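Below, each chain spelled out in residue letters.
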Amino acid sequence: MAKKSIREESSTASEAARARESRMMGSQGTRDKTLAKIGELGKSVAKSALAESDPFVDVPTRTMSNTTYNETRRLLQMGDATLRRNLFNTGQARKFMQTVLLSKGCKDLLEAKKTLSLRGMYYKSLHTIAGTKEKTFDDQEESDGILEDIEVALATLRENLHLFAKKRGTMVGNITVVDNGDPIDCRRMGTGGYAIPSICEPSVVQFGKCEAKFVLHVEKDTVWSRFNEDRFWEKHNCILTEGSGQPPRGVRRLLYRLNKELGLPVYCLLDCDPWGHYIYSVIKQGSINLAFESERMAIPDAKYLGIRSADFLRCGLSDDVKIALNDRDIERAKQIAEYPWFIKKKHWQKEIQLMVKNGFKMEVESLITKDISYVTEVYVPERMKAKDWID
Amino acid sequence: MEAPNKTASKKTSPRRQGATAEEMSDQQREISVSEFFAKNRHLLGFDNPRKALLTAVKEAVDNALDACEEACILPDIHIELLQRSETRFKVTVRDNGPGIVRKQIENIFGRLLYGSKFHRLKMSRGQQGIGISAAGMYGLMTTGQPVLIISKTHKKKPAVEVLLKMDTSKNRADVVSETEHPEDDGLFQDGHGTQVSIELEGRYQTGRQSVDEYLDQTAIANPHARFTFVTPTNETIEFNRGTNELPPEAKEILPHPRGIELGTLIQMIERTDRSQIGSFLQEEFSRVSSAVAKEICERAGITNRTWVKAIGHKEAEAIYKAIQEVRITAPQTDCLVPIGTKALLSGLLKEVKAEFFTACTRPADVYRGNPFLIEVGLAFGGELPKDELIRVIRFANRVPLLYQQAACASFKAVLETSWKNYGVSQSRGSLPDGPIVVMVHMASVWVPFTSESKEAIADYDEIRKEMKLALQEVGRKLGMYVRRRQRMRNEGERRSIFERYIGEISQATEAITGTPAQRIYDALLRVAQRKTEEADAVLNDEGKRVKDSDPFRKDESVVILAARTPAAPIEDSASDTEEVTQSPSAGTLFGEDESLSKASKGRKKK
């Protein structure tokens, strides 16, 4: 009896492990597909090399010029433009080498059925080039950029390459999630909150019981702590998230799924500056850099709750909270106003105009000058009640 | 004399007595040329002990070279400086020239303005007949020692040794002693030659404007000569020959009518042996045919049969005016002997440690009726200092000019050339900077010096223009080379960038596809080499590839020494240095001429 139960336990344990593995690595099919794509890239290089021609990799361009705004779907999409990266071009040779090197790194990873952080992959491929003093990468940033190139060039996703980013972003609220098989009650996360993983695919993270009626996403950790301490999510029955500035893909994917799968509206509380405006834009329409992932991440119905330029007068804030706009801010503000997905929105045009006219920006924390809990007890509840947001 | 003292002098002294004409005439007497120069020795280049030592060596060596060349002997010149005391030196210069006949020794070494070169129009180093006698005079004045001359004119004749003492008041020399030496005198191995020793006050210093520099530069401009220099510290420095070919003999020419001034014309008329003006013009000038002579006379209002005796000042002036109006062919230029591009290059090659050499000899031109021609040589790169102003070395009839650079036409011509066009940086109004030595040589039957010490060439427009044209020609070639070198370096860098990454790529590709890395590596390496070769190619005017991408391959005026080319500042660049090594003329110019390749080893210290 006892023996049997042990065997059962052990068999369930190994099953669980297998399940866990498949959740993390994706299915065998996805892995084979990704491996085949890497193989094709390698074969193309080998073929041009043996034919004594110039090997190349075509990388879809991730710039504004190759990004279109789909008005009906209200999200950013990547165009067809690609940039050919050649070996025999002094400006591209190093990047070409890095592309092939990291492709090989991903192949190793897939074959070993393991995952690595972006930083891990950087270290895995980092060495000094034989006969020189040059390193394959100067820093992780260089490697990260190439990995994004590989992602788009192979028309795959980072998680399919078994890569993940550093964890960033926190969640708390009236929801239970199952993260890699472990149920996590986000109502009982103390002061720290649930760290949103880099990969938030349904295979890894599933939603359990959820009473929350909406999601409030704030820009950064400090503001999020204020809301958590005041148990805002409990009082207003919601989920509270933060993305440490520009939200990473994990946070965006999670917000998307909360919105899409659970039908929760998403409200954003961000700084009143071009940076904050662009965070909202990324959450809503997707980013220019990762336009190919918009479909899996953009939340076209997300609302911008604040804070807004008019709040300086409406909330009677003191002059001390003003931070003067610099030339770069003004330029960036004008750029954002010109984006096709902003240009037809009168509220946004007004908002940006007013900010430029004011000549200053404000952080969410500026509301603390009114009262420590002004933002959680007065500002957000009032705006929500009055549906005073911009879309 | 001065206003405030007037009253005082009135009181104390009787009225000042003026000198009478008779009294003054007692004081008036002829000033001999030697006396004049004894007082004004700075005019001849004996201003200070250092320069005096150099000038003495220079005058003796110039004379030796002139003598050897005129006698068609490859010069072999021995220079020795013996230090007697801190400021006293004995300068000895010995040549293997034809020697000097006994009766001329006093005249040549003892009299100023005595010489063969002043009265004729022939290209030579000396021209006034001042130099060597002035050096002797300076020696006598500063040390009291007479000049010692040993001369041997033939193997079978004894050498004559003469001690000479100048008498400045009479412009002639007294013989102090005279000895004959037996026939087998060991001084002159060729059986003939001259040796002059002068003891003088001087200072020996190396560096700029030194005896060493003078010999360095003389060796560049006279690659056919061999010099042995024994320094005061008893070191022997040898300057070997760069070529065994003697420069052709310069022809003597008659003056060209256009180059003559009115005063000279009157003097010539007074002195001529011709009786009729027509034949005077025809015989005593170059380029005057009977037709031209007739035309000149007609314009001057006389006939070519007019007696020379009948020509007064008025007529002479009319003739002078007529000469300026009549069309006369330019003077012949075969009287000029350029150093020549090839010899210039061999001279530069053996004395300058550079990587790129080019030279240019301009066709002859005329200033004030005197034919002249300009040659320019240029050396670039190699061991020449990189962050300094370029060095200009100037020559007149193969003689280096070491002083008064800024006053010289050649220096001005270098300044006025826009070196920026040739890839050399130059600040406004100053010399360009870079690892460059430029030599400018003027050959002429009469070099217009700014002073008797022959330090700078006078700035005639015609001369400066020719100099600039020559500088532009070598400049263009330098520009081509500099650009080509830059391109080759760029290519080398390009190639090394590719080659650097190919290893990584082939290994990664093998890991992905299983294709052997070595195969991919070899293939990519071939592509890399082909790609960079392609960029090496030169396109012609129509944009088509020119097979021979080396513009200097057939250019005899350019020499490139590969071994001195510094490698591109990148590791792994072995292949592109190799490419430079294969470059052109380096072999062709030397392969045939053994003496040149020996010469390129240059100056040797024993």
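Residues numbered from 1 in each chain as written. Chains lettered and ligands numbered in written order. Predicted model: local features only at pLDDT ≥ 70, side-chain atom pairs only at ≥ 80, totals over all residues. Heavy atoms only, no water.

1. As for the overall build of chain A
Then, in step 1: Tallying secondary structure elements over chain A gives 15 helices and 17 strands in all.
Then, in step 2: With 391 residues in all, chain A has 54% of them scored as buried.
Then, in step 3: About 17,900 Å² of surface is accessible on chain A, with carbon and sulfur atoms providing 52% of the total. (Helix = DSSP H or I, 4+ residues; strand = E, 2+ residues; numbered from the N terminus. Buried < 20%, exposed > 50% of the residue type's maximum accessible area, 1.4 Å probe, protein only. Areas by Shrake-Rupley, 256 points an atom, 1.4 Å probe, with all protein chains shown as cover.)

2. A word on the packing of aromatic side chains
All names here are of chain A.
Then, in step 1: Per the stated rule, a full pass over the model turns up 22 aromatic pairs over all chains.
Then, in step 2: Ring centres of Tyr339 and Trp341 lie 4.7 Å apart, and the angle between their planes is 15 degrees; this geometry places the pair in the stacked category.
Then, in step 3: The class of Tyr339 is buried, set by a relative accessible area of 9%.
Then, in step 4: Classification of Trp341 by relative accessible area gives buried; the value is 2%.
Then, in step 5: Through pairs of rings, three or more aromatic residues link up here, namely Tyr69, Tyr278, Tyr339 and Trp341.
Then, in step 6: We note Arg257 situated over the ring of Phe207; from NZ or CZ to the ring centre the distance is 4.6 Å. (Phe/Tyr/Trp six-rings, centres within 6.5 Å; stacked < 30°, edge-to-face > 60°. Lys NZ or Arg CZ within 6 Å of the ring centre and 35° of its normal.)

3. A word on the packing of helix α9 (residues 277–284) of chain B against helix α10 (residues 290–299) of chain B
All names here are of chain B.
Then, in step 1: Where α9 meets α10, the closest approach of the two axes is 9 Å, and the angle between their N-to-C directions is 130 degrees. Of the possible angle classes, the one that applies to α9 and α10 is oblique. Handedness of the crossing formed by α9 with α10: right-handed. For the pair formed by α9 and α10, the contact residues are Ile277, Gly278, Leu281 and Gln282 on the first element and Ser290, Ala293, Ile296 and Cys297 on the second.
Then, in step 2: Here the contact of α9 with α10 is composed, by residue class, of five nonpolar, three polar and no charged. (Axes fitted to C-alpha atoms, helices over the stretch in contact; angles between N-to-C directions. Parallel < 35°, antiparallel > 145°, perpendicular 65-115°, else oblique. Left-handed = near helix turned anticlockwise from the far one by under 90°. Contact = heavy atoms within 4.5 Å. Nonpolar A, V, L, I, M, F, W, Y, C, P; charged D, E, K, R; others polar.)

4. A word on the sheet that holds strand β11 (residues 205–210) of chain A
All names here are of chain A.
Then, in step 1: Sheet architecture is open: three strands sit in the order β9-β8-β11, paired in antiparallel fashion. Edge positions in the open sheet fall to β9 (182–185) and β11, since each of these has one partner strand only. Within this sheet the neighbouring strands show an average axis-to-axis angle of 25 degrees, counted without direction.
Then, in step 2: Sheet analysis places strand β8 (residues 175–179) next to β11, joined by four bridges and oriented antiparallel. Directly across from Val177, in β11, lies its bridge partner Phe207.
Then, in step 3: Of the strands in this sheet, β8 and β11 are in contact with helix α8 (residues 249–261), which crosses β11 at around 50 degrees. (Pairing = 2+ DSSP bridges.)

5. Section: the interface of chain A and chain B
Then, in step 1: Listed by partner, the interface residues are 34 residues for chain A and 25 residues for chain B.
Then, in step 2: Interface of chain A and chain B: buried area, both sides summed, is about 2,500 Å²; carbon and sulfur atoms make up 72% of it.
Then, in step 3: The three residues of chain A that bury the most area against chain B are Leu50, Glu52 and Phe88 of chain A, which together make up 27% of that side's buried surface.
Then, in step 4: Linking chain A with chain B are three salt bridges, by the criterion used here.
Then, in step 5: Run the count over chain A and chain B and you get six residue pairs in polar contact (both at pLDDT 80 or more).
Then, in step 6: Where the side of chain A that touches chain B is concerned, the elements lending two or more residues are α2 (28–50) and α3 (93–112) of chain A.
Then, in step 7: Per-element tally for the side of chain A that touches chain B: the top contributor is α3 of chain A, with nine residues.
Then, in step 8: A per-class count over the side of chain A that touches chain B returns 15 nonpolar, eleven polar and eight charged. (Buried area = accessible area lost by both parts, 1.4 Å probe. Salt bridge = Lys/Arg side-chain N within 4 Å of Asp/Glu carboxyl O. Polar contact = N/O pair within 3.5 Å; in protein donor to acceptor, adjacent residues only side chain to side chain.)

6. Side note on the confidence of the model for chain B
Residues and elements named next belong to chain B.
Then, in step 1: Summary statistics for chain B give a mean pLDDT of 81 and a share of 84% for residues scoring 70 or more.
Then, in step 2: No element of chain B has a lower mean pLDDT than helix α17 (residues 586–591), at 34, and none a higher one than strand β7 (residues 226–230), at 95.
Then, in step 3: Counting interchain partners and residues more than four positions distant, the pLDDT-below-50 stretch residues 1–10 has zero contacts.
Then, in step 4: Here residues 539–545 scores under 50 on pLDDT; set against residues more than four positions off or in separate chains, the count is eight contacts.
Then, in step 5: Scored as a complex, the prediction yields pTM 0.60 and ipTM 0.80. (pLDDT = per-residue confidence, 0-100.)

7. Some thoughts on helix α14 (residues 346–358) of chain A
Residue and element names in this part refer to chain A.
Then, in step 1: With 13 residues, α14 ought to run about 18 Å at 1.5 Å a step, and its terminal C-alpha atoms sit 18 Å apart, in line with that.
Then, in step 2: Inspection of α14 places Trp348, Gln349, Glu351, Ile352 and Met355 among the buried residues, and these make up the whole buried set. All buried residues of α14 lie within an arc of 165 degrees about the axis, which places them on one face of the element. Projecting away from the buried face of α14 at angles above 90 degrees are the exposed residues Lys346, His347, Lys350, Gln353 and Lys357. (Expected span 1.5 Å × (residues − 1). Arc of directions from axis to C-beta.)

8. A closer look at helix α15 (residues 374–386) of chain A
Residues separated by three or four positions in an α-helix point in the same direction, a consequence of the helix having 3.6 residues per turn.
All names here are of chain A.
Then, in step 1: Among the residues of α15, Tyr374, Val375, Thr376, Tyr379, Val380, Pro381, Arg383 and Met384 are the ones counted as buried.
Then, in step 2: For α15, the elements touching its buried residues are β12 (214–218), α6 (221–229), α7 (232–235), β14 (266–269), β15 (303–306) and α11 (311–314).
Then, in step 3: Positive phi shows up at Lys387, right after α15, with a value of about 50 degrees.

9. Overview of the pattern of salt bridges
Residue and element names in this part refer to chain A.
Then, in step 1: A full pass over the atoms with the stated rule returns 63 salt bridges over all chains.
Then, in step 2: Where Glu201 meets Arg296, a salt bridge forms, and the shortest distance between an N and an O atom there is 3.1 Å. Of the two residues, Glu201 is situated in the loop between β10 (194–195) and β11 and Arg296 in helix α10 (residues 294–297); the sequence distance between them amounts to 95 residues. Of the two residues, Glu201 and Arg296, neither departs from the other in class, the shared state being buried.
Then, in step 3: A salt bridge links Glu351 to Arg308, with the shortest nitrogen-to-oxygen separation between them at 3.9 Å. Taken together, the residues span a long stretch of sequence, with Glu351 in helix α14 and Arg308 in the loop between β15 and α11 at a distance of 43 residues. There is no split in this pair, since Glu351 and Arg308 are both buried.

10. A short note on the nonpolar core
A general tendency of soluble globular proteins is for nonpolar side chains to be buried together.
Then, in step 1: Of all hydrophobic cores here, the largest spans 75 residues; its most connected members are Met171, Leu216, Phe227, Leu269 and Val380 of chain A.
Then, in step 2: When residues no more than four places from it in sequence are discounted, the contact partners of Phe227 of chain A are Leu216, Val218, Phe232, Leu240, Leu269, Val375, Thr376 and Val380 of chain A.
Then, in step 3: Counting residues in each nonpolar core, the second largest holds 50 residues, with Phe89, Val160, Val162 and Leu200 of chain B among its members. (Core = buried A, V, L, I, M, F, W, Y, C linked by side-chain atoms within 4.5 Å.)

11. Points about unusual backbone geometry
Then, in step 1: Here the bond from Gly306 of chain A into Ile307 of chain A is cis, since omega is 0 degrees, no more than 30 degrees from zero.
Then, in step 2: On the secondary structure map, Ile307 of chain A appears in the loop between β15 and α11.
Then, in step 3: Residues other than glycine seldom take positive phi values, yet Asn234 of chain B does so here, at roughly 65 degrees.
Then, in step 4: Inspection of the secondary structure puts Asn234 of chain B in the loop between β7 and β8 (236–239).
Then, in step 5: Using a relative accessible area of 62% as the deciding quantity, one classes Asn234 of chain B as exposed.

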